[in-house]
Amino acid sequence: MMKADVKVVILGDVNVGKSSLLNRYTERRFRSADTTIGAAFSLRQWRQRTVSVWDTAGREQFHGLGSMYCRGAAAVILTYDVTNRQSLRELEERFLTLTDTAQPDCLFAVVGNKSDLTDDWVAIGETEREAPTPASPAPKVSKQVFKEDAISLYKQLLKYKMLNEKDFPVAEAMCFETSAKTGYNVDLLFETIFELVVAGIVKNPGKPSNTVDLKHSMDSKPNKSSCCT
Ligand code: GDP
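Residues numbered from 1 in each chain as written. Predicted model: local features only at pLDDT ≥ 70, side-chain atom pairs only at ≥ 80, totals over all residues. Heavy atoms only, no water.

Participant: Which parts of the structure should I look at to understand the pattern of salt bridges?
Facilitator: Pairing between side chains of opposite charge can happen when their charged atoms approach one another. Summed over all chains, the structure comprises 10 salt bridges. Two residues, Asp 187 and Arg 28, come together in a salt bridge whose shortest N-O distance is 3.1 Å. Taken together, the positions of Asp 187 in helix H6 (residues 186–203) and Arg 28 in the loop between helix H1 (18–27) and strand E3 (39–46) put the pair 159 residues apart, joining distant regions of the chain. Residue Asp 187 shares its accessibility class with Arg 28, and that shared class is buried. Here Arg 85 ties to Asp 149 by a salt bridge, and the two come within 3.1 Å at their closest N and O atoms. Of the two residues, Arg 85 is situated in helix H3 (residues 85–95) and Asp 149 in helix H4 (residues 147–160); the sequence distance between them amounts to 64 residues. Owing to a relative accessible area of 29%, Arg 85 belongs among the partly exposed residues under this scheme. When salt bridges with common partners are traced through the structure, they connect Asp 13, Glu 90 and Arg 94 into a single cluster. (Salt bridge = Lys/Arg side-chain N within 4 Å of Asp/Glu carboxyl O. Helix = DSSP H or I, 4+ residues; strand = E, 2+ residues; numbered from the N terminus. Buried < 20%, exposed > 50% of the residue type's maximum accessible area, 1.4 Å probe, protein only.)

Participant: Help me understand the environment of Met 68, please; the structure alone is not making it clear to me.
Facilitator: Note that Met 68 resides in helix H2 (residues 63–70). Taking the relative accessible area as the measure of exposure, Met 68 reaches 27% and is therefore partly exposed.

Participant: Just checking my understanding: could you explain the site of the ligand for this structure?
Facilitator: In the vicinity of the ligand, 19 residues are found, and the nearest of them are Asn 15, Lys 18, Ser 20, Asp 116 and Ala 180. One nitrogen or oxygen atom from the main chain of Gly 17 is found 2.9 Å from an oxygen atom belonging to the ligand. Starting from 570 Å² of accessible surface for the ligand in isolation, the protein chains cover 86%. Looking at which element gives the most residues to the shell around the ligand, the answer is H1, with 3 residues. Considered class by class, the residues forming the shell around the ligand number 5 nonpolar, 8 polar and 6 charged. (Near = heavy atom within 4 Å. Polar contact = N/O pair within 3.5 Å; in protein donor to acceptor, adjacent residues only side chain to side chain. Areas by Shrake-Rupley, 256 points an atom, 1.4 Å probe, with all protein chains shown as cover. Nonpolar A, V, L, I, M, F, W, Y, C, P; charged D, E, K, R; others polar.)

Participant: Looking at this structure, I do not really get the side chain of Asn 23. What am I missing?
Facilitator: If you trace the backbone, Asn 23 turns up in helix H1. In this view, Asn 23 contacts Arg 28, Arg 29 and Arg 31; residues no more than four positions away in its chain are not counted. (Contact = heavy atoms within 4.5 Å.)

Below, the structure is given as structure tokens:
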């Protein structure tokens with residue numbers, strides 16, 4: 001039986017780029033059309049620990065499963081699209097309650113994807129090992145969500161969870177703007193989270209296990225599951 005030590009979940013509305021972010025990180029590439037049905041997960045070794053990252057479908061019909069995806073999660077990545085104001089609102093209105101089944105001290109990241117599409121996009125700070133995909137010059141659109149909006153959502157969610165801001169990383173460190181298309185900030189996002197969740201286990205070795213039984217979870221999935229290490 002495969003066991004993962006730590007569970008990380010990606011949540012957000014359909015089309016914000018959740019699968020693309022995970023693909024970019026695990027496969028180092030961007031695939032343009034591949035709608036996620038059900039959930040896919042990926043396994044990653046990080047400092048002798050196995051982290052499972054779960055990609056959830058944002059579709060309404062899977063909402064009943066949403067809280068199941070989050071069960072026992074040590075971190076939740078709340079994803080929106082920087083060109084779509086509504087996708088940020090959805091996080092607050094529909095997705096936040098799904099995280100009630102996560103661990104009580106669950107970490108949160110708020111991620112604005114599709115940064116490459118906006119008119120203020122400059123790929124400064126590109127730190128990816130892989131070169132950006134050749135730019136097929138997509139028409140630029142105005143940015144609808146700014147980092148300050150994400151930061152205020154982050155602060156609000158700590159309040160909603162009744163978590164003390166002082167016990168958590170500062171909002172600025174947990175709000176990312178990414179591009180799954182070019183790879184911008186994608187490694188930084190996942191690796192920041194992995195460091196924090198793994199450090200959390202090492203710091204609290206006596207904590208009840210948050211082990212995820214992947215075999216059982218896979219059996220109960222409606223459709224696609226993938227596993228990459
Ligand atoms: P999901 O439903 O949240 O998993 O979203 P997908 O990963 O399936 O992506 C939805 C659509 O947005 C697809 O057509 C992707 O090619 C596109 N997409 C995802 N991430 C990016 C990005 O960073 N930049 C751009 N330009 N398009 C993206």
